[in-house]
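Now for the letters of each chain:
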Amino acid sequence: MKIHAGVNGRSAAVGAGVLALAMAGLTACGSDNNSSSSSSGGSSSTSSAAGGSTGSSSSSGSSSANIACANGTLTAQGSTAQQAALNKFVKDYQTKCGNSTNVSYNGTGSGPGVTAFTNKQADFAGSDFPLAASQQPAADQRCGSGSKALSVGTIPGVIAVMYNIPNVSKLNLSASTLAKIFNSKITKWNDAAIAQENPGVNLPDLTIQTFHRSDGSGTSYNFSNYLNKTAASDFPAAANKQWPGSGGQGQQGSKGVAQAVQSTSGGIGYAEVSYATSNHLNTANIGNAAGKFVPLTIPNAANFLNKAKVDTTGGNYLFNFDYTYSADDAYPAVLVTYEIVCSTGNESSKLPELKGFLGYLASDGAQSQLPNLGYVSLSSDQESAVAAIYSGLS
């Protein structure tokens, strides 16, 4: 079943209940539950064709048909948002290609991933935001004289506002109210502003405990961007990979945020939906620019992503979100994970495997699996455009 961000021909409706069932297997997919090989406390996915699988199931025939095998070893790190997807796709690739192929992906966070790539400690990096203008020169230099580091949007995802309030299973939170919560302007769950948005809900006189990422994070960047673009007067800070809000407690990685919310009565935090599901946390319906409360579902996220404008300047593939889009079925807290990779200047010994694995990420065989892993697929046209970028690496 495939939910496309840009076309309707192959789209299918996945309701919240179906999403929950589909997401129930994410722990088996290694959704940030693996031991870390990084000092930054991230999670890693390294599997071989012989065993040690971190995926949830073997590759389907259609998935395997999209894989171009090559021998060698690739090392990558970065975004925890794409961790569950990468766990599955690493397994797919290695199951098809055999013991002479090895791919490892360490979920250290977007910031550390870009740093590792720039320092030639990773063959590519995953980041929930494209390279910033200040990062581009060093990344280009890493690729070699005359080369350019590309930011290629490949795996769209959904940010959940997850909460732990006893006996409250449904919650509406506008962007304005969320901004005040995360800036410590609203400190009790029975605050009048929250009560007004949740008529009939018995909200407790309980202190709100907010949790955010302490590390450089594309999830922080995208969630703060949603708040700033939708409720600027209450969240004036511009989007930043280092959480720009005031107050709250920082936690390492999305896994740390989710576990802190899960263990704290009154807790609230943000993370990719897979972490909310694997920690059995409720997620809020969040407000769009028109003040409508939109439930978190894959189709609703796809509807919002469908309105993003794609910028291909400089060979990149960048998504610019339209936060003014206010349809009832368009969930506005989304992100896209970018693969950061050299356009030219890649090591010749690694180039076939690099093109093969990244090409698989952009193929229908991989993209069609994303909704059942808690993500949104690229449209068919977007798949083709991204695949062409990866095919042209040299």
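Residues numbered from 1 in each chain as written. Predicted model: local features only at pLDDT ≥ 70, side-chain atom pairs only at ≥ 80, totals over all residues. Heavy atoms only, no water.

A. Seen up close, empty space enclosed by the protein. The full count for this structure, using the stated rule, is one cavity of 30 Å³ or more. Looking at the largest cavity, its volume works out to about 60 Å³. Around the largest cavity, the lining residues are Ala-81, Ile-155, Gly-157, Val-158, Glu-272, Val-273, Ser-274, Leu-335, Thr-337, Gly-374 and Tyr-375. Those elements giving two or more residues to the lining of the largest cavity turn out to be β5 (149-164), α10 (273-278) and β15 (334-342). Considering each element in turn, the lining of the largest cavity owes the most residues, three residues, to β5. (1 Å grid on protein atoms, 1.4 Å probe; cavity = no way out; pocket = protein on both sides within 12 Å on 5 of 7 lines; lining within 4 Å. Points joined across faces, edges and corners; volume = space filled by probe spheres on them. Helix = DSSP H or I, 4+ residues; strand = E, 2+ residues; numbered from the N terminus.)

B. Layout of the layout of surface pockets. Approximately 230 Å³ is the volume found for the second largest pocket. Considering the residues around the second largest pocket, the lining is formed by 14 residues, among which Tyr-221, Asn-225, Phe-319, Asn-320 and Phe-321 are closest to the centre. With four residues, helix α8 (residues 218-230) is the single largest residue contributor to the lining of the second largest pocket. When its residues are assigned to classes, the lining of the second largest pocket shows nine nonpolar, three polar and two charged. (Nonpolar A, V, L, I, M, F, W, Y, C, P; charged D, E, K, R; others polar.)

C. Inspection of the sheet that holds strand β6 (residues 172-173) at higher detail. Strand order in the open sheet made by the three strands is β6-β11-β12, with mixed pairing throughout. For this open sheet the edge positions go to β6 and β12 (293-294), each flanked by a neighbour on one side alone. As defined by bridge partners, strand β11 (residues 285-287) adjoins β12 across two bridges and the pair is classed as antiparallel. Within the sheet, the bridge partner assigned to Gly-287 lies in β12 and is Phe-293. (Pairing = 2+ DSSP bridges.)

D. Focus on the pairing of strand β7 (residues 209-213). A large share of β7 lies buried, amounting to four of its five residues. Here β7 pairs with strand β9 (residues 267-272) via three bridges, running parallel. Bridge pairing in β9 places Thr-210 opposite Ile-268. Strand direction decides the pairing type here: β7 and strand β8 (residues 249-251), joined by three bridges, are parallel. Each bridged residue has a counterpart across the sheet, and for Arg-213 the counterpart in β8 is Gln-251. Following the chain from β7 across α8 to the adjacent parallel β8, one finds a crossover that is right-handed. (Buried < 20%, exposed > 50% of the residue type's maximum accessible area, 1.4 Å probe, protein only. Right-handed = clockwise from strand over helix to strand, strands pointing away.)

Everything listed is a geometric property; what it means functionally is a separate question.
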